[in-house]
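A closer look at the structure
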Amino acid sequence: MESTRQNKVSRLIQRDIGDIFQKEGRDLFSNSMITVTKVNVTRDLSVAKVYLSLFTTGDKAQLLDSIKRHTGEIRYKLGKRIGKQVRIVPEIQFFIDDSLDYIENIEKLLDED
């Protein structure tokens, strides 16, 4: 069970990283649409696991690798935004959120019958 503080920091990080991808990600990630679907923060607020939905891209793994290469830059920009609200800017780990693909596959299987 997450604490109230974890939930607040998770929502703050989700909003700000989404804003970073929307406004500044066009230059870095070649016009791919990146959506932050969920953020989980550890109890000590030192690590943030960020789940992304990647659209308008052929190779999601390559885009995720590109995002991971820019993690330091993204964390720096996040720190500029939330630095006054948290003591330490958490380390960021990016993962692909495949829940939409899973739902689409289930719907396709149900439609076949």
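Our subject is the structure listed above.
Residues numbered from 1 in each chain as written. Predicted model: local features only at pLDDT ≥ 70, side-chain atom pairs only at ≥ 80, totals over all residues. Heavy atoms only, no water.

**Quick word on the sheet that holds strand 2 (residues 47-55)**
- With mixed pairing, the three strands of this open sheet are ordered in space as 1-2-3. Each of the sheet's edge strands pairs with one partner strand only, and the pair in question is strand 1 (33-41) and strand 3 (91-96). For this sheet, the mean inter-axis angle between neighbouring strands, taken without regard to orientation, is 30 degrees.
- Pairing analysis gives six bridges linking strand 2 to strand 3, with the strands arranged parallel. Looking at the pairing, Val 50 lines up with Phe 94 of strand 3.
- On the sheet, helix 2 (residues 60-69) packs against strand 1, strand 2 and strand 3 and is oriented at approximately 175 degrees with respect to strand 3. (Pairing = 2+ DSSP bridges. Helix = DSSP H or I, 4+ residues; strand = E, 2+ residues; numbered from the N terminus. Axes fitted to C-alpha atoms, helices over the stretch in contact; angles between N-to-C directions. Contact = heavy atoms within 4.5 Å.)

**A look at the side chain of Ser 10**
- For Ser 10, the location among the structural elements is in helix 1 (residues 4-28).
- Among residues more than four places away in sequence, those in contact with Ser 10 are Glu 2, Val 39, Asn 40 and Val 41.

**A word on the pairing of strand 2**
- Bridging between strand 1 and strand 2 involves eight bridges; their strand directions are antiparallel. Opposite Lys 38, over in strand 2, you have Tyr 51 as the bridge partner.
- Hairpin connection between strand 1 and strand 2: a loop of five residues separates the two successive antiparallel strands, and Leu 45 in this loop has a positive phi of roughly 60 degrees.

**Looking at unusual backbone geometry**
- Phi angles above zero are rare outside glycine, and Leu 45 is one such case at about 60 degrees.
- Relative to the assigned elements, Leu 45 resides in the loop between strand 1 and strand 2.

**Digging into the side chain of Thr 71**
- Inspection of the secondary structure assignment puts Thr 71 in helix 3 (residues 71-82).
- At a separation of 2.8 Å, a polar atom in the side chain of Thr 71 contacts the main-chain carbonyl oxygen of Lys 68.
- Discounting residues that sit within four places of it in the chain, Thr 71 has contacts with Ile 92 and Phe 94. (Polar contact = N/O pair within 3.5 Å; in protein donor to acceptor, adjacent residues only side chain to side chain.)

**Regarding a negative patch on the surface**
- A cluster of like negative charges, contributed by Glu 104, Glu 107, Asp 111 and Glu 112, occupies part of the molecular surface.
- Note that Glu 112 resides in helix 4 (residues 99-112).
- In this structure Glu 112 comes out as exposed when scored by relative accessible area, which is 58%. (Patch = residues over 30% accessible without salt bridge, like charges linked within 9 Å, V, L, I, M, F, W, Y side chains within 5 Å. Areas by Shrake-Rupley, 256 points an atom, 1.4 Å probe, with all protein chains shown as cover. Salt bridge = Lys/Arg side-chain N within 4 Å of Asp/Glu carboxyl O. Lys, Arg positive; Asp, Glu negative; His and termini not counted. Charge placed at Lys NZ, Arg CZ, Asp CG, Glu CD. Buried < 20%, exposed > 50% of the residue type's maximum accessible area, 1.4 Å probe, protein only.)

**Focus: a positive patch on the surface**
- Together, Arg 5, Lys 8, Arg 11 and Arg 87 make up a region of like positive charge exposed at the surface.
- By the secondary structure assignment, Arg 11 is in helix 1.

These results come straight from atomic positions and should not be treated as a statement about function.
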